[in-house]
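As a plain string of letters, each chain reads:
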Amino acid sequence: MTWTHALQLMTAAWLNLINPDVSTALLALFVVGIALAGIRTSGPYHLGISIGCHAGWVFMIKLNKAFC
């Protein structure tokens, strides 16, 4: 990873914000975000549970990409 790659990635991210691709993946991630927010706000100490659920979610996505 170089600075050039990082700048290319940031440029692509900003361009995607201007012209978003509303697909089922985006909607699924939005629903998961709402679920994580619900877990976070359900109690005073549920930030750790929310972080753990997010880490598990990202782990499963990475694992599925590696195997599929």
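The rules we used
- Residues numbered from 1 in each chain as written.
- Predicted model: local features only at pLDDT ≥ 70, side-chain atom pairs only at ≥ 80, totals over all residues.
- Heavy atoms only, no water.
- Helix = DSSP H or I, 4+ residues; strand = E, 2+ residues; numbered from the N terminus.
- Rg over C-alpha atoms; globule rule 2.2 N^0.38 Å.
- Areas by Shrake-Rupley, 256 points an atom, 1.4 Å probe, with all protein chains shown as cover.
- pLDDT = per-residue confidence, 0-100.
- Buried < 20%, exposed > 50% of the residue type's maximum accessible area, 1.4 Å probe, protein only.
- Expected span 1.5 Å × (residues − 1).
- Axes fitted to C-alpha atoms, helices over the stretch in contact; angles between N-to-C directions.
- Parallel < 35°, antiparallel > 145°, perpendicular 65-115°, else oblique.
- Left-handed = near helix turned anticlockwise from the far one by under 90°.
- Contact = heavy atoms within 4.5 Å.

Asks: Can you lay out the overall build of the protein chain for me, pointing to particular residues and giving the numbers?
Replies: A tally of regular secondary structure across the protein chain gives three helices and zero strands. Sequence-ordered secondary structure for the protein chain, helices as α and strands as β, is α-α-α. For the protein chain, the C-alpha radius of gyration of 15 Å lies well beyond 11 Å, the compact-globule estimate for 68 residues. The principal-axis extents of the C-alpha atoms in the protein chain amount to approximately 40 × 30 × 25 Å. Accessible surface for the protein chain amounts to roughly 6,000 Å². Of this, 75% is attributable to carbon and sulfur atoms.

Asks: Give me the confidence of the model for the protein chain: which residues, what numbers.
Replies: Averaged over the protein chain, the pLDDT score is 87; the fraction of residues at 70 or greater is 99%. The secondary structure element of the protein chain with the lowest average pLDDT is helix α1 (residues 3-18), at 86, and the one with the highest is helix α3 (residues 47-67), at 90.

Asks: Before we move on, can you summarise the environment of Ile49 with the specific residues and values?
Replies: Here Ile49 is to be found in helix α3. Overall, the relative accessible area of 44% leaves Ile49 in the partly exposed class. Taking the C-alpha atoms as reference points, Ile49 and Ile39, ten residues apart in sequence, are found 7.5 Å from one another.

Asks: An account of α1 is requested, with residue identities and associated values reported.
Replies: Across its 16 residues, α1 extends 23 Å between first and last C-alpha, which sits within 8% of the 22 Å expected from 1.5 Å per residue. Taken across its 16 residues, α1 has zero buried, putting it largely on the surface.

Asks: Tell me about the environment of Gly33, residues and numbers included.
Replies: You can see Gly33 is positioned in helix α2 (residues 24-41). Overall, the relative accessible area of 36% leaves Gly33 in the partly exposed class. Along the sequence, Gly33 and Pro20 sit 13 residues apart, while their C-alpha atoms lie 17 Å from each other.

Asks: I'd like a rundown of the packing of α2 against α3, residues and numbers included.
Replies: At a minimum axis separation of 8 Å, α2 and α3 run at an interaxial angle of 155 degrees. Classified by the angle their axes make, α2 and α3 are roughly antiparallel. Read as a crossing pair, α2 and α3 show a hand that is right-handed. Contacts from Leu29, Val32, Leu36, Ile39 and Arg40 in α2 reach Leu47, Ile49, Ser50, Cys53, His54 and Trp57 in α3.

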